[in-house]
Amino acid sequence: MGRLLVAVAGFAFSMHSLSAQAATTYALDDVIQMAMTHSPLMNIAKAREDGANAALVTARSLINPEVEVGAGPTRYRTPGGQGSNGNWSIGISQPLEYPSVRRARQEVASSNIKVANLGTELTVLGLQANVKSAFYHVVQRQAVLQLTEGDRVLLRDIRERVKLRVDVGESPRYELIKADTELLAAERDYQTALTQVLEAKAYLRGLVGTVMPETYDVRGQLPLGSTLPALNDLNSRISGTVSLQQIRAAIDTATARVTLQEKLRNPGLTLKAGVEQDPDLSQFRLGLAIPIPVLNQRQGQIAEAAAELRELQAIFDDRELVLSRELNAAYQRYIVSQQQLNAFENGLLSQAESVLKVAESAYRFGERGILDYLDAQRTYRMVRKDYLAARYGYIEAILDIEQLLGQKFLGEAS
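**Q** Run through the environment of Leu204, naming residues and quoting values.
**A** As for its placement among the helices and strands, Leu204 is situated in helix α5 (residues 173-208). Each C-alpha atom of the pair Leu204 and Ala35 lies 9.8 Å from the other, and the pair is 169 residues apart in sequence. Other than its neighbours up to four places away in sequence, Leu204 contacts Val31, Val131, Ala134, Phe135, Val138, Met212, Tyr216 and Val218.

**Q** So what's going on with a nonpolar patch on the surface? Residues and values would help.
**A** A cluster of nonpolar residues, Val67, Val69, Trp88, Ile90 and Ile92, forms a patch on the protein surface that exposes about 490 Å² of accessible area. Secondary structure elements with two or more residues in the nonpolar patch: β2 (66-74) and β3 (85-97). Counting residues per element, the nonpolar patch draws most heavily on β3, which supplies three residues. Tracing the backbone through its elements, the reader meets Val69 in strand β2. Take Val69: its relative accessible area is 63%, and that puts it in the exposed class.

**Q** Any details on the packing of aromatic side chains? Residues and values, ideally.
**A** All chains considered together, the criterion is met by five aromatic pairs. Among the aromatic residues, ring-to-ring pairing joins Tyr331, Tyr334 and Tyr394 into one connected group. Above the plane of the ring of Tyr190 lies Arg152, whose end atom (NZ or CZ) is 4.2 Å from the centre.

**Q** Outline the nonpolar core, supporting the account with residue identities and numerical values.
**A** Residues Val31, Val131, Phe135, Tyr136, Leu204, Met212 and Ile401 are the most contacted members of the largest nonpolar core, which totals 87 residues. When neighbours within four sequence positions are excluded, Val31 is seen to be in contact with Tyr26, Val131, Phe135, Leu204, Val208 and Met212.

**Q** Requested: an account of the side chain of Asp151, with residues and values cited.
**A** Among the structural elements, Asp151 can be located in helix α4 (residues 99-167). The residues contacting Asp151, other than those within four sequence positions of it, are Gln377, Arg381 and Arg384.

**Q** Tell me about the pattern of salt bridges, and name the residues and values.
**A** All told, the structure shown has 21 salt bridges when counted by the stated rule. The closest approach of N and O atoms between Glu402 and Lys132, which form a salt bridge, is 3.7 Å. With Glu402 in helix α9 (residues 370-405) and Lys132 in helix α4, the pair connects residues that are 270 residues apart, well separated along the chain. Among the residues examined, Glu402 registers a relative accessible area of 6% and is labelled buried. One salt-bridge network, in which partners are shared between bridges, spans Asp151, Lys178, Glu182, Arg381 and Arg384.

Calculation notes
Residue positions within a chain follow its written sequence, with the count starting from 1. Local features in this predicted model are restricted to residues of pLDDT 70 or higher, and side-chain atom pairs are both shown and tallied only at a pLDDT of 80 or more, whereas totals for entire chains, interfaces and linings draw on every residue. Only heavy atoms go into the side-chain values, all of them from the structure, while hydrogens and water stay out. The secondary structure listing takes helices from DSSP runs of H or I that are at least 4 residues long and strands from runs of E that are at least 2 residues long, numbered from the N terminus. By definition, residues are in contact when any of their heavy atoms lie within 4.5 Å. Two distance rules govern patches: like charges are joined within 9 Å, and nonpolar side chains (Val, Leu, Ile, Met, Phe, Trp, Tyr) within 5 Å, applied only to residues with over 30% relative accessible area and no salt bridge. All accessible areas in this document rest on Shrake-Rupley with a 1.4 Å probe, and a residue is counted as covered only by the protein chains that are shown. Throughout this description, the term salt bridge denotes a Lys or Arg side-chain nitrogen within 4 Å of a carboxyl oxygen of Asp or Glu. Only protein chains enter the accessibility calculation, which uses a 1.4 Å probe; a residue is then buried when its area is under 20% of its type maximum, exposed when over 50%, and partly exposed in between. Paired rings are identified among Phe, Tyr and Trp, the last through its six-membered ring, by centres lying within 6.5 Å, and are further divided according to the angle between planes into stacked (under 30 degrees), edge-to-face (over 60) and tilted (the rest). A positively charged side chain is recorded as over a ring if its NZ (Lys) or CZ (Arg) lies within 6 Å of the ring centre. The angle to the ring normal must also be within 35 degrees. Residue types Ala, Val, Leu, Ile, Met, Phe, Trp, Tyr and Cys, when buried and joined through side-chain atoms within 4.5 Å, form a set referred to as a nonpolar core.

It is worth stressing that arrangement in space is one thing and function is another; only the former is reported here.
Here it is, written out as structure tokens:
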């Protein structure tokens, strides 16, 4: 059974290796460029920008004139009329907005353009951070896959040596059982790591779009990162973040909308001119129509716009608090991850490796049994995997802070 699992896993890895060789390889910059060009999120943001620009064109447009034409028969009701004759009339009217109304309408449209532009910038920052995180997740999973493959090959070799010693009577039978168990665990870990690589690649492709082939590989390594500024310094940068700038622009838009609704109580006037032709009479008329805000003073529209403004002001205050809270939480994760990395790099990795070398030498010289060696091997394997997880957690914490503040702190390696 053990040999069958080994053979199946070996075939799966061989097929995976062949497909990886044939697949296109992408660096981080390549993936980010594809995401910026083809991601549906970017298409949504650009469509919103186009819509906001079109709204400004609408706000600057003048109202079209109206032409009214009428004709019909004429019948006299008094004696002596000339019989039935036709009559006709032509009238034209031109609505004109007051300058203050036009300015308010254009101010709303201009503010919406700023909101849309900042929304695009926010989308770019978020997409870049998510792509970086997903890319490095693939890199980390691939590193784990390489570790599990190396462990599998090593344990396969150990199992064969143990079997030889058992066959010649130098070791008890239970050592072979233990070696078989460890090899099966290594096969399971390898299959799990391979599945996790495929899942991480699928998630990265989902961020980029269908332009990225289903089968691909990435080229890169986990960056070492950079030391972040002090937390107080980072907190002082919250007020300048893109997300808060966007809400401020939305508040400006809402303020302009309140002004517009107030101005629309009396939006403008209508100039009218017309000609009426009866059989015996021609009439020329000039007129002026002015709406009188008596029955409807737009109380509902004004109150609705004012409520939207208050909502946005509350959203701004809440977002500022959320940013501060999330920044502090991400910074704490950064500190913890940094401490974990220091622990690994300043002792745990070297200690685990030293213990493994001692156990391996003792096993080769017959001073210790296979169980001690396998335990040391398992411990070393777990330490290396935990180290990779800690490095990725460190990178993820920095990327979270980058996304929150819209600034770059991570020293990247393609």
